[in-house]
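# Analysis of the macromolecular model
The primary structure of each chain is shown beneath.
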Amino acid sequence: ESLSVGELANKLGREPSEIIKKLFMLGVMATINQELDKDAIELICADYEVEVEEEIRIDVTDLEIYFEDSEEVEAELTERPPVVTIMGHVDHGKTTLLDSIRDTKVTQGEAGGITQHIGAYQIEVEGKKITFLDTPGHAAFTTMRARGAKVTDITILVVAADDGVMPQTIEAINHAKAAEVPIIVAVNKMDKPSANPDRVMQELTEHGLLSEAWGGDTIFVPISALKGEGIDHLLEMVLLVSEVAELKASKNIRAKGTVIEAQLDRGRGSVATLLVQDGTLRVGDPIVVGTTFGKVRAMINDLGRRVKEAGPSTPVEITGLNEVPQAGDRFVVFEDEKTARQIGESRAGDALQEQRVEKTRVTLDNLFDQMKQGEMKELNLIVKADVQGTVEAMAASLMKIEVEGVNVKIIHTGAGAINESDISLAAASNAIVIGFNVRPDVNAKRAAEEEGVDIRLHRVIYKVIEEIEFAMKGLLDPEF
Ligand code: GDP
């Protein structure tokens, strides 16, 4: 850290000319704007009997700076395993698939390992590793995205062949699309006599997923998660998509990544599962995790084994943090403990402060301001209504609105009450939720309040259109 003569004078509460004189006495010719090195600063401070305290002030979002550090430019990039999330409608077989993959693959070559549920696991296929986040469904996926973390490389969309595309299937597709994550479709329950994979393919075309067999580019794999059939093929396809994505990371830099889950353990204190996304994490590393910090005391892998290091795409459970971080928090390893502590403490302080500051989520009331400041190029909307026909009619009219170069983008639609998934998608994508003849359920209402998501309820279609249009033109009357 360097300071100019003027800045130093200011900090010491002295006139710059006085500092310049002192420097002159020390044999240094300086002007007011001259940057001083650490030694010179220390000499001057010693003269005033002031102790130099290296001040490291970093605000909460600034862990990103370290996260996107340019270190990797010099670091040697190598292939890393893909991180896969399994999503789909309830009861379509997500948990069964996660268990089935784990049971068949995880223990090979790792005899005697006892499965530990740490929130993610890693398997090996044809000598290549694949990491699975083992919280099924899109809640985890979106929670992380809402916190700015991009963890998932590939989504497996599970659709039961006897049930077809259901509301949460569509939600999952829109979550994956919003995050720009490639989708592989696993058509599950193929062992059932009532299985109808063609219907699944047909229904998914309506949501932009056209099978390769029909000239599209979405991979469909028929499986039976229950019987373990088609799993090998599915995993091969994961590797294929992963190869195309050219996922790279470096092994030889300080680790950074994201918290998958964390809790307080009675015996061990704060326990967090970290997904290393770049670099190598080692026992003893000084680390900042969200607004917490510490030194990695012990690391345990998904087989409950103690490990000394973890490379890219590896999930590990660590202890040694001063507090419990949150899922989706970023972590960064620092070179020394002092820095980690300073940054951790400063971030914790800023986080407290930030809680008091209102979130800057888009609402119809602040929309116009955000547009004026050029911060918005697209207004994301989620449209829910009582019947599908209305949803489509509304979406079509809304998409036609264009004001001052800002487009309306419908990121999700559906018939039925506004649910928690709608809110989390809105939070992750900075969207406004419109309900037509429907209301938010209890959980959605609570989530919307917590996340500061704007929900607009209407009973007359033209009012919806008018409200959005007025808001975009800055003509909306403030709500009382
Ligand atoms: P989730 O809600 O998506 O996690 O679904 P689960 O994995 O809990 O599965 C729901 C039900 O479907 C359970 O009773 C499973 O045994 C059953 N199931 C899952 N996969 C298959 C399959 O491939 N074939 C059959 N016949 N049943 C399955």
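Relevant structure appears above.
Now for a description of the structure that goes with this document.

Cut-offs used in this document
- Counting starts from 1 at the beginning of each chain's written sequence and moves along it residue by residue.
- Under the rules for a predicted model, residues below a pLDDT of 70 receive no local features and side-chain atom pairs below 80 are neither given nor counted, while totals for whole chains, interfaces and linings still include all residues.
- To get the side-chain values, all heavy atoms of the structure are used, and hydrogens and water are removed first.
- Three labels apply to residues, based on accessible area from a 1.4 Å probe with only protein chains included: buried if under 20% of the type maximum, exposed if over 50%, partly exposed otherwise in between.
- Counting from the N terminus, the helices are DSSP H or I runs at least four residues long and the strands are E runs at least two residues long.
- Paired strands are those between which DSSP finds at least two bridges.
- Between N or O atoms, a polar contact is any pair within 3.5 Å; within protein, one atom must be a potential hydrogen donor and the other a potential acceptor, and residues adjacent in sequence are included only when both atoms are from side chains.
- The contact rule is simple, with two residues in contact once any of their heavy atoms fall within 4.5 Å.
- Whenever a helix is involved, its axis is fitted only over the stretch in contact; in every case the axis is a line through C-alpha atoms, and angles between N-to-C directions fall within 0 to 180 degrees.

## Things to note about the pairing of strand S18 (residues 315-321)
Across the seven residues of S18, seven count as buried, placing the element largely inside the fold. Pairing analysis gives six bridges linking strand S12 (residues 269-278) to S18, with the strands arranged antiparallel. Residue pairing across strands places Val271 opposite Thr319, the latter belonging to S18. Where strand S15 (residues 292-300) meets S18, four bridges bridge the pair, whose relative direction is antiparallel. Of the residues in S18, the one forming a bridge with Met299 is Ile318.

## Some points on the side chain of Ser421
With respect to the helices and strands, the residue Ser421 is situated in helix H14 (residues 420-429). Owing to a relative accessible area of 11%, Ser421 belongs among the buried residues under this scheme. A distance of 2.9 Å separates polar atoms of two side chains, one belonging to Ser421 and the other to Glu171. Not counting the four nearest positions on each side in its chain, Ser421 is found in contact with His138, Glu171 and His175.

## Brief notes about unusual backbone geometry
Phi at Lys189 is positive, roughly 65°, even though this residue is not glycine. With respect to the secondary-structure elements, Lys189 resides in the loop between strand S8 (183-188) and helix H9 (197-205). The phi angle at Ser313 is positive, at roughly 70°, despite the residue not being glycine. Mapped onto the fold, Ser313 is located in the loop between strand S17 (309-310) and S18. The class for Ser313 is buried, based on a relative accessible area of 2%.

## Focus on the sheet that holds strand S9 (residues 219-222)
Taken together, six strands build an open sheet; the order of strands is S5-S6-S4-S7-S8-S9 and the sheet is mixed. Two strands in the sheet have a free side with no partner beyond their single neighbour: strand S5 (120-125) and S9. With direction set aside, neighbouring strand axes in the sheet form an average angle of 30°. Of the strand pairs in this sheet, S5 and strand S6 (residues 128-133) are connected by six bridges, and their pairing is antiparallel. By the bridge assignment, Gln122 is partnered in S6 with Thr131.

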